[in-house]
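Tertiary structure, described
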Amino acid sequence: MTGRAAERLAGQRRDWEALAEIDPLWAILGDPSRRGGGWEIDEFFATAEATIAPILAAAAQLGLPARRERALDFGCGVGRITRALGSRFERACGVDISERMVELAGELNADHPNCDFVLNDAPDLRQFETGSFDLVFENLALQHLPGKALVWTYVSEFLRVVRPDGLVVFQLPSSVRWPYRLQLQRRVYAVLRALGLDDRLLQDRLRLTPIRMLTVRPDDAAKEIERAGGRVVRVDRREDRKQPVRYVRYYVVAGAAGTAS
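Residues numbered from 1 in each chain as written. Predicted model: local features only at pLDDT ≥ 70, side-chain atom pairs only at ≥ 80, totals over all residues. Heavy atoms only, no water.

1. A short note on unusual backbone geometry
Residue Leu 64 is joined to Pro 65 through a cis peptide bond whose omega torsion reads -10°. Mapped onto the elements of the fold, Pro 65 is located in the loop between helix H4 (48-62) and strand E1 (70-74). Here the bond from Trp 178 into Pro 179 is cis, since omega is 5°, no more than 30 degrees from zero. Along the chain, Pro 179 turns up in the loop between strand E5 (162-176) and helix H8 (184-194). A positive phi angle, near 50°, is found at Gln 183, a position not held by glycine. Positive phi values are uncommon outside glycine, yet Arg 207 reaches one of about 60°. Among the secondary structure elements, Arg 207 is positioned in the loop between helix H9 (199-205) and helix H10 (218-227). Look at Arg 207 and you get partly exposed, because its relative accessible area is 39%. (Helix = DSSP H or I, 4+ residues; strand = E, 2+ residues; numbered from the N terminus. Buried < 20%, exposed > 50% of the residue type's maximum accessible area, 1.4 Å probe, protein only.)

Here it is in structure tokens:
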């Protein structure tokens, strides 16, 4: 990793440590009405079912993964999705760049002993062996990375750690409507923090956020996935005209395994 890339990743860690300390649940599910501690814990964790159930149903139509032994939740936050995966796999492992998020995940999921949570602040997944997971899942993490090159580095790692008969599922925004694409809150946040203002003041009082959002065109994603050694077997598009972001979810297998759909 270059010095500039390492600096940007360090900035990512700093941002998410601040978010985890101040309003971790809202940082993960950014419903404006729930900002400032508005999420109830049980309600928050219950939302994972609406995310996971249709994805695993789509995966089952593909006949993947072949086994449900180990699942990896990339960008786990406080373990919302990890817990849901743990009810469907023998073991589920959540990884996050924020140490505080990992601590909270362990505390909030202490009664789910088949769920593990580990810190991963490296630009790869070197702590995991090749072919060690049946499912690698990502939902709302890649979109916040500080550059597309890092996105594809992690996707390449997803394909390394998934088993040959396993499945990788991840999501990326394909477009953001004007004026949201300007990301003015994030830009103002960065300027004011550089001037010495406290993170809690910026988030709680001024209602700003350091969260970034990148977009990737589906054609570009397909090329990068192929370059990383993967093959797209299913694509789901989420287009809600009431929402400013359009999402694409990719179901990917390593090499030539799997059945195209």
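Now, onward.
2. Some words on the pattern of salt bridges
If you walk through the whole model with that rule in mind, you get 18 salt bridges. In this structure, Arg 200 and Asp 204 form a salt bridge, with 3.5 Å as the shortest nitrogen-oxygen distance. Residue Arg 200 and its partner Asp 204 are located together in helix H9, separated by four residues, close to a single helical turn. Judged by relative accessible area, which is 42%, Arg 200 ranks as partly exposed. With its nearest N and O atoms 3.1 Å apart, the salt bridge here joins Arg 217 to Asp 220. For Asp 220, a relative accessible area of 28% puts it in the partly exposed group. Through salt bridges with shared partners, one network takes in Arg 67, Glu 69, Asp 134, Arg 163 and Asp 165. (Salt bridge = Lys/Arg side-chain N within 4 Å of Asp/Glu carboxyl O.)

Function-wise, these values are silent; they only describe arrangement.
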